[in-house]
Amino acid sequence: MSATEGSKAQTCPIFMYHNIAQAPNDLRRWRSLYVSPGAFTRQMWLLKRMGYMGLSMTNAMPYLRGEKLGRIAVITLDDGYADNLESALPVLQRYGFTATCYVVSGSIGRYNNWDADKLGIRKPLMTPEQLRAWHDGGMEIGAHTRSHPHLTQCSDAQLRDEIAGSKADLEDHLGVLVTQFCYPYGDMDDRVADVTRSTGYDAATTTQRGRAAAGMDLWRLPRVQIARHHMLPQFAMRAFTHYENRRA
Ligand SMILES: [Zn+2]
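Residues numbered from 1 in each chain as written. Predicted model: local features only at pLDDT ≥ 70, side-chain atom pairs only at ≥ 80, totals over all residues. Heavy atoms only, no water.

**Q** What's the story with the pairing of strand S6 (residues 72–79) in this structure? I'm lost.
**A** The side chains of a regular strand alternate between the sheet's two faces. Of all eight residues in S6, eight are buried; the element is thus mostly enclosed. Judged from the four bridges that link them, strand S2 (residues 14–17) and S6 form a sheet pairing that is parallel. Note that in S6 the partner of tyrosine 17 across the bridge is leucine 77. As paired strands, strand S5 (residues 53–55) and S6 are joined by three bridges and run parallel to one another. Counterpart to leucine 55 in the pairing with S6 is valine 74. The parallel pair S5 and S6 is bridged by helix H3 (residues 57–64), and the resulting crossover is right-handed. By the bridge criterion, four bridges tie S6 to strand S7 (residues 100–103) in an arrangement that is parallel. (Buried < 20%, exposed > 50% of the residue type's maximum accessible area, 1.4 Å probe, protein only. Helix = DSSP H or I, 4+ residues; strand = E, 2+ residues; numbered from the N terminus. Pairing = 2+ DSSP bridges. Right-handed = clockwise from strand over helix to strand, strands pointing away.)

**Q** Looking at this structure, how should I read empty space enclosed by the protein?
**A** The method is simple in principle: a probe with the dimensions of a water molecule rolls over the atoms, and the space it marks as empty is what remains. Evaluation of the coordinates by the stated rule reveals two cavities of 30 Å³ or more. The computed volume of the second largest cavity comes to approximately 40 Å³. Lining the second largest cavity are Asp79, Gly80, Val103, Val104, Ser107, Ile108, Leu125, Met126 and Leu131. Here the residues of the lining of the second largest cavity sort into six nonpolar, two polar and one charged. (1 Å grid on protein atoms, 1.4 Å probe; cavity = no way out; pocket = protein on both sides within 12 Å on 5 of 7 lines; lining within 4 Å. Points joined across faces, edges and corners; volume = space filled by probe spheres on them. Nonpolar A, V, L, I, M, F, W, Y, C, P; charged D, E, K, R; others polar.)

Next up, the structure:
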C-alpha cells in the first residue's frame with residue numbers, strides 16, 4: 001500500500017451538529033443549525049448500512065492517534081441542547097453508536113444566551129438531570145467553555161477560567177470525566193490551543209472544514225458540518241468522500 005492510500009484509509013469525518021429538531025417556521029435565519037430527527041435517523045442508518053461505526057471523540061481517539069484502523073465517523077453535537085437527548089440519543093442507541101455533546105457549563109438548564117438575540121430564539125439547554133441521562137445512555141459529555149466567548153479575545157486569566165473552569169464544573173457537578181473540548185465559534189489560535197492542551201484535554205475540535213486524519217494536531221481537529229438543507233446524497237458525499245477537504 002502506498003503512503004497516499006495509507007493516509008486516505010485513516011481519515012474520518014468528525015460531524016458537527018447543533019439542534020436535532022424541526023426548525024421553527026418563524027425562524028428566518030440560521031435554520032441550517034437544525035437537522036430534523038428524520039434526517040438524522042436516515043444519516044445514522046446510512047453510516048451503519050455502509051459499515052461505519054459512529055463514535056464519540058473519546059472512543060475515536062485510538063483512530064485519531066493512528067493506533068487503530070477502521071471505518072469510523074465521529075459524531076459531535078455543540079452547545080448541549082435538550083433536543084439532543086430527546087431526538088439524537090434514541091437513534092444513536094438504536095445503531096449502537098456513541099457521540100460527544102459539548103456543553104457550555106455556565107448555561108446548564110438555561111438557554112443559548114450567547115446567540116439568542118442574533119437568532120431570535122431561546123433554545124433550551126440540557127439540565128443536570130438530562131446531562132446525566134445523556135451520559136448514562138452511553139454518550140460522552142465534552143466541554144465548550146463556561147460562557148461561549150470568543151476565546152482569542154480573552155485575557156490569559158479568562159482563558160484559564162473558561163477552559164479549565166468548564167472542565168472542573170462538569171466533572172464536579174455531573175461526576176463524569178471530561179477530556180474533550182470544542183472551541184466556541186471555532187475561534188482559536190496557538191495561545192488558546194496551548195491552554196487547552198495544558199489543561200489536560202485529550203483533543204479539541206474547531207469549525208475548520210475538512211476530514212480528520214491520523215497524526216493531525218489533536219487540538220486543531222477540523223470538522224464536517226451537517227446542515228438542515230443537506231439531503232442524504234449530500235450527507236453521503238461528506239461522510240464517505242474527500243469532498244470536504246476539497247472545499248476546505
Ligand atoms: Zn457553540
